Amino acid sequence: MAAATSCPFFLSLLDYKTEKYVIAQNKKVGVLFRVFQLAVVGYLVGWVFLWKKGYQEREEALQSSVITKLKGVTLINSSESGLHLWGPEDYVIPPQGERVFFIVTNYIETPGQRLGFCPESPRVPDGVCADHADCPDGEIVAAGHGIKTGRCLNDTGTCEIHGWCPVESNYRPVEALLKKAENFTIYIKNYIRFPKFGFSKSNVLDGRNDTYLKMCTYNQLHHPYCPIFRLGDLVNWTGHSFEDLAVVGGSIGVLIEWNCDLDKDESRCGPRYSFTRLDVHAQGSVSSGYNFRFARYYKDSEGGMYRTLYKVYGIRIDIMVNGQAGKFSIIPTVVNIGSGLALMGAGVFMCDMILLYMMSKSSLYREKKFETDRKPTVPRKHREGRTSKAGRHHRKRPPAEHQKLTVVTAQN
């Protein structure tokens with residue numbers, strides 16, 4: 001009995017069920033549905049596949065290495081140290097060729113400093129005093145140059161300190177000493193790799209000889225693949241003047257962007273450069289610019305140590321590399337096509353809602369679309385009457401076999 005009951009159920013699993021469609025001859029809804037279909041097709045083909053390349057597998061985990069090298073010299077004639085020839089070993093900090101480096105364009109020199117006792121600078125608020133009580137012995141001068149000795153010097157109105165004397169010459173420069181630094185050149189060598197696709201490349205194109213690299217300078221139109229940049233041009237491309245930036249310094253960002261379509265030839269994968277000033281928000285304020293200090297130490301003939309202090313202003317270069325690569329893959333292609341088909345279903349749902357609930361003849365459309373299968377109900381009396389009559393009639397009628405026999409006898 002159980003086998004007979006379950007057999008139709010398992011047989012029904014082999015049935016194929018399909019939907020029943022109702023054609024509604026409504027021009028407004030039909031036009032709306034076709035417009036929606038065209039919009040989905042346009043979005044899928046134009047935006048997803050052509051513009052966003054949705055048929056590709058993407059990788060943004062770019063591995064990058066940057067090596068830099070600067071060239072150029074300039075001659076300075078200062079009142080403190082006289083003639084001095086500045087080369088890359090002097091004005092590039094650090095000199096190792098990293099992706100973040102500093103180029104000296106201006107400086108304030110304080111030569112011949114020795115450890116001893118001298119008055120604090122009157123430009124330091126914590127060093128100003130009226131009597132000895134304002135200069136506690138052993139206290140460090142806040143934002144100053146040494147340690148207080150307990151004495152207030154009446155001739156300067158400042159505390160006596162123990163430190164490198166004389167104290168630093170402190171003033172804001174109005175003219176850059178290394179004006180010719182705009183002609184310095186920066187050689188940027190960039191290696192990139194997309195590990196997922198095993199693709200590697202450099203911004204120095206193959207086939208270029210040494211003579212080309214020694215003579216070329218980057219130009220977006222004429223030499224877009226030359227990795228050598230003139231410092232003055234690099235600053236000017238940010239929209240700022242090199243002359244102004246060289247006086248008090250600043251920070252420049254060099255962005256190298258790699259967007260590679262690996263379905264095309266490898267030669268079409270190249271870097272794109274852009275330049276921006278990173279400290280522009282502080283321009284014109286008291287803390288605008290970029291500077292720091294360093295010292296060079298010497299010994300005299302008697303073995304005593306002295307130093308020359310430099311407060312240097314200049315241009316900080318930050319080289320930033322990013323990018324992405326794409327290559328055809330069946331998985332994102334199928335996923336995006338499926339998304340487009342799902343959007344088509346959304347159009348059907350929207351048009352159904354309009355047709356069935358927002359149109360003037362919505363009730364008529366609902367009757368055509370939805371069918372209800374109901375068994376007709378018969379009152380109880382009628383069911384009993386029909387049953388009794390059928391029983392009486394059944395009793396009066398002879399069996400079918402008897403009827404056939406009767407007919408045959410009559411014929412004989």
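Because the structure is a prediction, the values reported are computed rather than measured.

### Examining the overall build of the protein
Scanning the protein for helices and strands turns up ten helices and 15 strands. Taking all 412 residues of the protein together, 34% fall into the buried category. Across the protein, the fraction of contacts at a sequence separation of at least 24, relative to all contacts at a separation of at least 6, is 67%. Accessible surface, the protein: about 27000 Å² in total, of which carbon and sulfur atoms supply 57%.

### Considering the packing of helix H7 (residues 330–357) against helix H8 (residues 362–369)
Contact pair H7 / H8: the axes reach a minimum separation of 6 Å and the direction vectors enclose 115 degrees. Where H7 abuts H8, its residues Asp 352, Leu 355, Leu 356 and Tyr 357 lie against Ser 362, Tyr 365, Arg 366 and Lys 369. When the residues that make up the contact of H7 with H8 are grouped by side-chain class, the tally is four nonpolar, one polar and three charged.

### Concerning the packing of aromatic side chains
Inspection of the entire model under this criterion finds 17 aromatic pairs. With a centroid separation of 5.1 Å and an interplanar angle of 35 degrees, the aromatic rings of Trp 86 and Tyr 107 are classed as tilted. In this pair, Trp 86 is assigned in strand E4 (residues 82–86) and Tyr 107 in strand E6 (residues 100–119), connecting sequence segments 21 residues apart. Each of the two residues, Trp 86 as well as Tyr 107, counts as buried. An angle of 65 degrees between the planes, with centres 6.4 Å apart, marks the rings of Tyr 218 and Phe 275 as edge-to-face.

### Section: the environment of Asp 352
Following the sequence through the fold, Asp 352 ends up in helix H7. Of the residues examined, Asp 352 reaches a relative accessible area of 22% and is grouped as partly exposed. C-alpha separation for the pair Asp 352 and Tyr 365, spaced 13 residues apart in sequence, amounts to 9.7 Å.

So, how was this worked out
Residues numbered from 1 in each chain as written. Predicted model: local features only at pLDDT ≥ 70, side-chain atom pairs only at ≥ 80, totals over all residues. Heavy atoms only, no water. Helix = DSSP H or I, 4+ residues; strand = E, 2+ residues; numbered from the N terminus. Buried < 20%, exposed > 50% of the residue type's maximum accessible area, 1.4 Å probe, protein only. Contact = heavy atoms within 4.5 Å. Areas by Shrake-Rupley, 256 points an atom, 1.4 Å probe, with all protein chains shown as cover. Axes fitted to C-alpha atoms, helices over the stretch in contact; angles between N-to-C directions. Nonpolar A, V, L, I, M, F, W, Y, C, P; charged D, E, K, R; others polar. Phe/Tyr/Trp six-rings, centres within 6.5 Å; stacked < 30°, edge-to-face > 60°.

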